[in-house]
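Notes for the structure review
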Amino acid sequence: MSTLEIKDLHVTVETEQGTKEILRGVTLSIASGETHAIMGPNGSGKSTLAYSIAGHPKYTVTGGTVTLDGEDVLAMSVDERARAGLFLAMQYPVEVPGVTVSNFLRTAKTAVTGEAPKLRHWVKDVKDAMGHLRMDPAFADRNVNEGFSGGEKKRHEILQMELLEPKMAILDETDSGLDVDALRIVSEGVNRAKERTGAGVLLITHYTRILRYVKPDFVHVFVDGRVAEEGGPELAERLEAEGYDRFHPVNVEA
Amino acid sequence: MSLLTPQRPSEGAHTHSGATMVPDASRAERTASFEVADFPVPHGREEEWRFTPVDRLGAFFRDEPTGACLQWEESLPEGVTLSTLSVPQWRDLGVPAPQDRAAAAAAAHSGGVALVDVPAEAELAEPVRIRLTGTEQDLVHGHLTVRVGRFARATVVIEHAGVADYSEVLTVLAGDGSHVTLVTVQEWDDASHHLGQHDVVVGRDATVRHIAVTLGGGVVRLNTNTSYTGPGGSFEGLGVYFADAGQHLEHRLFVDHEAPHCRSNVEYKGALQGETARTVWVGDVLIRASAEGTDTYELNRNLILSDGARADSVPNLEIETGEIEGAGHASATGRFDDEQLFYLQARGIPEDEARRLVVRGFFAGVVARIGVPEVQEHLMAVIERELAGGGE
Ligand SMILES: Nc1ncnc2c1ncn2[C@@H]1O[C@H](COP(=O)(O)OP(=O)(O)O)[C@@H](O)[C@H]1O
Ligand SMILES: [Mg+2]
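The structure presented is a predicted model; accordingly, all values stated were derived computationally and were not measured.

**Things to note about the packing of helix α5 (residues 150-164) of chain A against helix α6 (residues 180-197) of chain A**
Residue and element names in this part refer to chain A. At their nearest, the axes of α5 and α6 sit 9 Å apart, and the two run at 10 degrees to each other. One finds that α5 runs roughly parallel with respect to α6. The chirality of how α5 crosses α6 is left-handed. Of the residues in α6, those touching α5 at Arg 155, Ile 158, Met 161 and Glu 162 are Ala 182, Ile 185, Val 186, Gly 189, Val 190, Arg 192, Ala 193 and Arg 196. A class-by-class count of the residues in the contact of α5 with α6 yields seven nonpolar, one polar and four charged.

**A closer look at the pairing of strand β9 (residues 168-172) of chain A**
Sheet faces and side chains relate simply in a regular strand, where the side chains alternate between the two faces. Residues and elements named next belong to chain A. Burial of β9 is extensive: five of the five residues sit out of reach of the surface. Of the two faces of β9, the one lined by Met 168, Ile 170 and Asp 172 and the one lined by Ala 169 and Leu 171 are each fully buried. As paired elements, strand β6 (residues 86-89) and β9 share four bridges and run parallel to each other. Following the sheet pairing, Leu 88 is matched in β9 by Ile 170. Examined bridge by bridge, β9 and strand β10 (residues 200-205) share five bridges and lie parallel to one another. Bridging from a neighbouring strand, Ala 169 pairs with Val 201 of β10. In this view, the connection linking β9 to its parallel neighbour β10 by way of α6 has right-handed handedness.

**Considering the UniProt feature "domain: SUF system FeS cluster assembly SufBD core" (unreviewed entry) in chain B**
UniProt feature "domain: SUF system FeS cluster assembly SufBD core" (unreviewed entry): in the numbering of this structure it lies at residues 135-362 of chain B. As a span, residues 135-362 of chain B carries 9% helix and 61% strand, and end to end its C-alpha atoms are 34 Å apart.

Scoring rules and cut-offs
- Residues numbered from 1 in each chain as written.
- Chains lettered and ligands numbered in written order.
- Predicted model: local features only at pLDDT ≥ 70, side-chain atom pairs only at ≥ 80, totals over all residues.
- Heavy atoms only, no water.
- Axes fitted to C-alpha atoms, helices over the stretch in contact; angles between N-to-C directions.
- Helix = DSSP H or I, 4+ residues; strand = E, 2+ residues; numbered from the N terminus.
- Parallel < 35°, antiparallel > 145°, perpendicular 65-115°, else oblique.
- Left-handed = near helix turned anticlockwise from the far one by under 90°.
- Contact = heavy atoms within 4.5 Å.
- Nonpolar A, V, L, I, M, F, W, Y, C, P; charged D, E, K, R; others polar.
- Buried < 20%, exposed > 50% of the residue type's maximum accessible area, 1.4 Å probe, protein only.
- Pairing = 2+ DSSP bridges.
- Right-handed = clockwise from strand over helix to strand, strands pointing away.
- UniProt positions renumbered as here; feature names shortened; annotations may be inferred.

Below is the structure:
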């Protein structure tokens, strides 16, 4: 049983116009087995939250805490966070030329578990996981994300979630740019991994569509760098009907 | 914080098909001569010397023999012979003339040419291996010719190590229909200087691969010139270099397409680590009016691993006929991509290992093309050692 606790998190980023505060006090707690959906308009800071938890060097934490089972996540390097059990499926996965998917997956698995996986089992695990995600076995020999379509990149992210078995997975708009078939396949991958490992999931999305396949226990509406409203799955339905307009900062102040 | 704005590699790639591009001075007009006196001592502002630290190379331009030599160790597969030619005998082979003062001096004052002969139709199971080691800084004029007979298949690996000032002329004469791979490995100590002119003469229907692996030396500058004696010839020029602080590694290629229906393909990749690391790549390709059906492509990429390192990359294509198959070039120099590093680290891979993966990945394609396993393994091991050393 694990808990990821985010308390009053403040994050800034350097822009050409100077330092800009993007997260303005985010508080969230996610336990193993729970699925939390974060929904919010473009530019509200969802990716910033995801990157800050993962430790991207572009973002500066100016206040608040992030802990995983009481351990100070913010004091850890990026790779230490991953080894502690955090996983981020990125909105825009990065191409790594010359590094094959199979080499990458094996290196990552070895790093995360602290020992090289047993070859026979590993080859089978990779093959099965790729099969479930309807990925052509030829992907194993391709370079990481290089020349992948948008959908292929997202499947590859979920493939990693299935194989690396994190305690907490943050999925940043994994649903964006997927057609219905791909969305279903990717969602099944998330559910499978969750069921097998009991991971907690923080599902960041702009749309409610994926929530039909990956059922959230909690929904947090994210506006202007903080959580504006929280509730159960019914909140997502309201958002679907009403949109984000009523959360717009101008309306809130009015 | 340099991580704020990760720079994507700047890409400059284009392809020409039948277009005509002629720069100010045609590459064909460069002086070529066996007479040292035909080349003035360079001062460093000449087009072909403008990147090179000529002030560190004075000894190379003296018009006199030195009598010094490198230590030789060779391993010759059965059938391969090593003998010595006089310079006049060498010139009688119809070899290309030197193209700068250092090469002219090396050719004139070497005192004799080491000739490696691979007989016609021989199929060598093992590479010819030549290891040249320097023990003191005296200027050495080195003069080597590799002659491969018709339809023979041969791989030749020449390694350079130790301390030396080495001025070299290397001629590769590839007979009709032969398949030749020549690998030259520069792993000199930091104090060494090496200027080389490599002439590759590709016979009719021959395939020649010239591979430069430059990992060590204070100044290394290799000029590789390719010409074709008849149609159907194919040249592949591959290069891998890794420059540390204080090193100047320069590779210049000139492919002279005069015969029709020949092919050339050049791929050089380099990494730079350390504040004063410096590399230069110049790729000149000339497609003369007679060279219809030419197919050529050249590519250079540089990966800058630390601030202050500088890579120059100058591709140059001159096309005098519209009747070609294809001609293109690409050149790009990029900083180490912090986003790649973040992605790998976010999967638990520690930073040093992630860096190794990215650099290995950068070189993977060109290294695989080398096709000589002992060279590939050694070179990747050296690069990993360099990375672990952090450029000090
Ligand atoms: N590296 C950055 N430099 C400048 N501004 C940034 C940077 N990253 C994010 N921002 C800004 O922060 C805000 C939130 O961005 P982001 O977290 O990507 O939002 P979301 O994922 O909700 O669409 C936006 O206004 C965006 O322009
Ligand atoms: Mg986003």
